[in-house]
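A look at the structure
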Amino acid sequence: MNEYLSRADFLDGKRDKGQTRADTWERDESMEQLAALQNSNPDVYDRMGVTARMSLGYYENDKKIAAQHGRDVSKGGK
């Protein structure tokens, strides 16, 4: 069913999911600190809960997409 829905067009054309994700991305200092922890102290990061690590993965993916769409992800993201 999902394969059919992903190919569906809206009345005003196909949606650009990447652009939508880029537009809604907002910098989150707690996620930035978690990313820094991942690099500076991987042992502590590995002992953290799965939810926090998954959240960081989604955040970093959205941040990358925002940067690809021209957003400034180094500061406030606007």
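Residues numbered from 1 in each chain as written. Predicted model: local features only at pLDDT ≥ 70, side-chain atom pairs only at ≥ 80, totals over all residues. Heavy atoms only, no water.

Moving on to helix α5 (residues 50-68). The first and last C-alpha atoms of α5 sit 27 Å apart over 19 residues, in line with the 27 Å expected at 1.5 Å per residue. Within α5, burial applies to Leu56, Tyr59, Ile65 and Ala66. Of the surrounding secondary structure, the elements contacted by the buried residues of α5 are α2 (17-24), α3 (29-40) and α4 (42-46). Directly beyond the C-terminal end of α5, a positive phi value near 90° is found at glycine 70. (Helix = DSSP H or I, 4+ residues; strand = E, 2+ residues; numbered from the N terminus. Expected span 1.5 Å × (residues − 1). Buried < 20%, exposed > 50% of the residue type's maximum accessible area, 1.4 Å probe, protein only. Contact = heavy atoms within 4.5 Å.)

Moving on, we get to a nonpolar patch on the surface. There is a patch of nonpolar side chains on the surface, built from Val50, Met54 and Tyr58 and spanning about 330 Å² of accessible area. Note that tyrosine 58 resides in helix α5. A relative accessible area of 54% places tyrosine 58 in the exposed class. (Patch = residues over 30% accessible without salt bridge, like charges linked within 9 Å, V, L, I, M, F, W, Y side chains within 5 Å. Areas by Shrake-Rupley, 256 points an atom, 1.4 Å probe, with all protein chains shown as cover. Salt bridge = Lys/Arg side-chain N within 4 Å of Asp/Glu carboxyl O.)

As a further point, take the confidence of the model for the chain. Residues with a pLDDT of 70 or more make up 78% of the chain, whose mean pLDDT is 85. The secondary-structure element of the chain with the lowest mean pLDDT is helix α1 (residues 2-6), recorded at 65, while α5 shows the highest, at 94. (pLDDT = per-residue confidence, 0-100.)

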